[in-house]
Each structure stands twice: as structure tokens, then as C-alpha cells.
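Spelled out, the chains give:
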Amino acid sequence: MEAMYRKVNARENIVGWYSTGPRIRPADLEINDLFKKYVPNPVLVIIDVQPKEEYEIPTKSYVALEEVREDSTEAPKIQFQHITSEIGALEAEEVGVEHLLRDVKDTSVSTLATQLHAKMLSLKSLISHIGELHHYLELVASGKLPLNHQILAQVQDIFNMAPNLKLENLQKNFQVKINDMMLVIYLSSMIRSIIALHSLINNKADLKELEKNEDAELQKKEDKKNEKAAEKVDKDNKAGEKPSEKK
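My aim in this report is to walk through the structure given alongside it, one point at a time.

The rules behind these values
Residues numbered from 1 in each chain as written. Predicted model: local features only at pLDDT ≥ 70, side-chain atom pairs only at ≥ 80, totals over all residues. Heavy atoms only, no water. Helix = DSSP H or I, 4+ residues; strand = E, 2+ residues; numbered from the N terminus. Buried < 20%, exposed > 50% of the residue type's maximum accessible area, 1.4 Å probe, protein only. Contact = heavy atoms within 4.5 Å. Areas by Shrake-Rupley, 256 points an atom, 1.4 Å probe, with all protein chains shown as cover. Pairing = 2+ DSSP bridges. Axes fitted to C-alpha atoms, helices over the stretch in contact; angles between N-to-C directions. Salt bridge = Lys/Arg side-chain N within 4 Å of Asp/Glu carboxyl O. Core = buried A, V, L, I, M, F, W, Y, C linked by side-chain atoms within 4.5 Å.

**A closer look at the overall build of the protein**
- Within the protein, the secondary structure is distributed over six helices and four strands.
- Every one of the 247 residues in the protein was classed for burial, and the buried ones make up 9%.
- Contacts in the protein between residues far apart in sequence, at least 24 positions, make up 41% of those at least 6 positions apart.
- A total of about 22000 Å² of accessible surface is found on the protein, and carbon and sulfur atoms cover 58% of it.

See the structure below:
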């Protein structure tokens, strides 16, 4: 199977394997050992095919590492450790996905509704991450999890980069900026609706004029047909009167 894969995808490298989980299973370590024949340190990707949250990426990556106890009371164990991962695509794949999304785009949904939906999903994702961070800090404070200085340093960086919204001038500037942005979006939606309504009215007027012209043409054809029939009747009457005059 690996040889066939190399023939088809010669430029790609195998970095690991994936499972639909939705969580790590005991047999995954044995499968991971099989992949070590092809990759020195294979990566396991757990893909949740039925994600509960639509704004979360349903993938998690792990590598198998040997865990050694500090007190050496137990033998070393091989366990999966979570690692950060990023989902990317080649340029050709990005173009294909872009065209696909453009084809399946719902034109009945306005730009304002789409932007509000995206903002709502972003806020839900932010709340979810803040909840996970709060839960982790509670476990560390209670002593259930060991202290990780790298994670705490990142948390401290997050708080340092967060703006101080208690300042009156900053709050006013935020409100003015948000109001200006919302005003532009509102006006754009209103203009778009007015243009669409104007186009609809023009379309109805053109359709009505077209129907009127078609009716006029049909009436002209009907009048010409009646005139021809009347002329034919007159000719027949005149042809019938001539023999009686000769007699």
C-alpha cells in the first residue's frame, strides 16, 4: 500500500495516520507502533465526524512519547501527548474550495446577516476558549494539575495584550468606531435593498409594456383577419348578384 501511495503521490510524505475516534482508544498505541515502520515519529490525528460545536475545528493531533515518573516508582509508559496543529491547503485546493463555496452561496441571505452570523460564531468560540482556560486554572489552583510555566506565560501575555476597557476615553472611542462601522453596514444594506426594489419595479414596468405591445400586435392581426374575411364575403355577394341581373 505504501508503494502504491508513493507512485501516485511521489512529492508527498507520510507524517502519520488518522482515526475517527472520537477519542483515543487503547489499540491506537499498537497501530501507532505499526506506522513507525514508515515514519520515525508518526502523528495521530483524531477527527470528530460529528462535531458538537460548528465553530470548532474537529481535529486534534497527538504524538506518542515515553513518560517517566520523577520518583521512578513505575516503569516508563508510552502515552499520547497533544500537540498544536494547523489546517492548510495547497493553492489549487484553495481555489477549488473558493469556487465551490461561491457556487453554494445562499444569495437570499444578505451581507449584513452573514457578517452578524460570523461575528456570533467568533464570540461563541471565544467564550468556549475562555471557559477552557478558566477550568484549567481552577485545576492548577486546586492542585489537581501540575504547574506549567509555559502555559502560564502565554496566559499572562494574553492579559497583557488585552486593552483596559475601564478607561472612559477608550470606551468612547470603541463605541464611536463600532457605531461608524455598523452605520456603514446598515446604509449598504439599505442601498442594496432599494436598488433591488428599483430593479424589480423596472422589470415589472418593462414586462407590462411588453405585454401591451404583444396585445396590440395580436389585435392588429385580428383586425386584418376580419378585414380579409369581410372582403371575401363582399366578393362572394357580388359574384352571386351578377347572374340574376343577366336574366
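Next comes the rest of the description.
**Here's the deal with the sheet that holds strand β4 (residues 77-83)**
- Within the open sheet, the four strands sit side by side as β1-β2-β3-β4. Their pairing is mixed. This sheet does not close on itself; its edge strands, each paired only once, are β1 (16-19) and β4. Strand-to-strand twist across the sheet, computed as the mean angle between neighbouring axes with direction ignored, equals 30°.
- Here helix α2 (residues 28-35) sits on the sheet in contact with β1, β2 (43-47), β3 (59-67) and β4, set at roughly 150° to β1.

**Focus: the pattern of salt bridges**
- The full count for this structure, using the stated rule, is one salt bridge.
- One salt bridge connects D33 with K36, and the closest N-O pair in it is separated by 3.7 Å.
- With relative accessibility at 43%, the residue D33 sits in the partly exposed group.

**Details of the nonpolar core**
- Core analysis: the biggest nonpolar cluster contains six residues, these being W17, L44, I46, Y62, A64 and F80.
- Every element with two or more residues in this core is listed here: β2 and β3.
- Excluding anything up to four places from it in sequence, W17 contacts D28, I31, N32, F35, P42, V43, L44 and V45.

Just geometry here; none of it tells us what the structure is for.
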